[in-house]
Amino acid sequence: MKRNIMILVLIIIAAGAVIYNQAGDDIEAVFLQEKPLPTETGAKAGLLAPTFTLQGFDDKETYSAGGPRDKALLINFWASWCGPCQQEAPELNKLAEQYADELEIYGINVGKYDNKKKAEQFIQDYNLRYPILTDPKGEVFEGLYHGQAFPTNVLIDRNGVIQEIILGAPDPKDLHKKVAKLVKE
């Protein structure tokens, strides 16, 4: 009888230890952050987006990027003569409308590689409905984001972390999927 009681006590202690360890893991997991935020800034996925402030194309407002924000951000570097830029402009309008509450789009015309009158015509022709900024000397495009091609799309989450840099115009369905994922993060 004494032996059975001793075995029963050992079983209860072992079961308690297992339950405690499982609960301990769950409790510990609550306090772990999924993925720490990066501390380095750079034009690369997984890094904090470089900070900049640019003038709007209409010279009335300034716009800034970098750091945490209320909405995810898609930065689109473009030039008016760029065929793929022309192809993706209607899709960017659709995204701006569809995700108005969760996503900001900044279209940045790189003036170093474009003509202001042609850029103005591009904005009118495609009825761009999101903020258009101007990077007259290409300092943001080349200096901060190391731009090499038009269009270049930079997807930045609400924490200010670059999730992806897309060179060239992606397939519209792919772009919509990438933006849907971005706004959920």
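Residues numbered from 1 in each chain as written. Predicted model: local features only at pLDDT ≥ 70, side-chain atom pairs only at ≥ 80, totals over all residues. Heavy atoms only, no water.

Break down the packing of helix H2 (residues 83–98) against helix H5 (residues 172–184) for me, citing the residues and quoting the values.
Helix-helix packing: each pair is described by the crossing angle between the helix axes and the interaxial distance. Where H2 meets H5, the axes come as close as 11 Å, and the angle between the chain directions of the two elements is 30°. On the basis of the axis angle, H2 is roughly parallel to H5. H5 is crossed by H2, and the crossing has right-handed handedness. For the pair formed by H2 and H5, the contact residues are Glu 91, Leu 92, Lys 94, Leu 95 and Gln 98 on the first element and Pro 172, Leu 175, His 176 and Val 179 on the second. Looking at the contact of H2 with H5 residue by residue, the class counts come to five nonpolar, two polar and two charged. (Axes fitted to C-alpha atoms, helices over the stretch in contact; angles between N-to-C directions. Helix = DSSP H or I, 4+ residues; strand = E, 2+ residues; numbered from the N terminus. Parallel < 35°, antiparallel > 145°, perpendicular 65-115°, else oblique. Left-handed = near helix turned anticlockwise from the far one by under 90°. Contact = heavy atoms within 4.5 Å. Nonpolar A, V, L, I, M, F, W, Y, C, P; charged D, E, K, R; others polar.)

Account for the pairing of strand S3 (residues 72–78), with residues named and values stated.
A large share of S3 lies buried, amounting to seven of its seven residues. Covered by surrounding structure in S3 are Ala 72, Leu 74, Asn 76 and Trp 78 together with Leu 73, Ile 75 and Phe 77, the residues of both alternating faces. Of the pairings in the sheet, the one linking S3 to strand S4 (residues 103–110) comprises seven bridges and is parallel in character. Paired with Asn 76 across the two strands is Gly 107, which belongs to S4. Crossover connection from S3 via H2 to parallel S4: handedness right-handed. Summarising the sheet, S3 and strand S6 (residues 152–156) pair through five bridges and their orientation is antiparallel. Pairing of Leu 74 across the sheet is with Leu 155, part of S6. (Buried < 20%, exposed > 50% of the residue type's maximum accessible area, 1.4 Å probe, protein only. Pairing = 2+ DSSP bridges. Right-handed = clockwise from strand over helix to strand, strands pointing away.)

Give a description of the packing of aromatic side chains that names residues and reports values.
Scanning all chains against the criterion turns up ten aromatic pairs. Aromatic pair Tyr 113 and Phe 150: ring centres 5.9 Å apart, planes at 65°, arrangement edge-to-face. Here the residue Tyr 113 occupies a position in the loop between S4 and helix H3 (116–125), and Phe 150 occupies one in the loop between helix H4 (139–144) and S6, the gap between them amounting to 37 residues. The buried category is assigned to Phe 150, whose relative accessible area is 14%. In this structure an aromatic cluster arises from ring pairing among Phe 52, Phe 77, Trp 81, Tyr 113, Phe 141, Tyr 145 and Phe 150. (Phe/Tyr/Trp six-rings, centres within 6.5 Å; stacked < 30°, edge-to-face > 60°.)

Which residues make up H3, and what values do they have?
Buried residues of H3: Ala 119, Phe 122 and Ile 123, and no others. Along the axis of H3, the buried residues cluster in a sector spanning 100°; they form a single face. Facing away from the buried side of H3 by more than 90 degrees, the exposed set consists of Lys 117, Lys 118, Gln 124 and Asp 125. On its buried face, H3 is in contact with S3, H2, S4 and strand S5 (132–135). If you check the start of H3, you find a side-chain oxygen 2.8 Å away from the backbone N of Lys 117, and it comes from Asn 115. Directly beyond the C-terminal end of H3, a positive phi value near 45° is found at Asn 127. (Arc of directions from axis to C-beta. Polar contact = N/O pair within 3.5 Å; in protein donor to acceptor, adjacent residues only side chain to side chain.)

Lay out the pairing of S5 in plain terms, naming residues and giving numbers.
Of the two faces of S5, the one lined by Ile 132 and Thr 134 and the one lined by Leu 133 and Asp 135 are each fully buried. By the bridge criterion, two bridges tie strand S1 (residues 52–56) to S5 in an arrangement that is antiparallel. Among the inter-strand pairings, Gly 56 is bridged to a residue of S5, identified as Leu 133. What joins S4 to S5 is H3, and the crossover it makes is right-handed.

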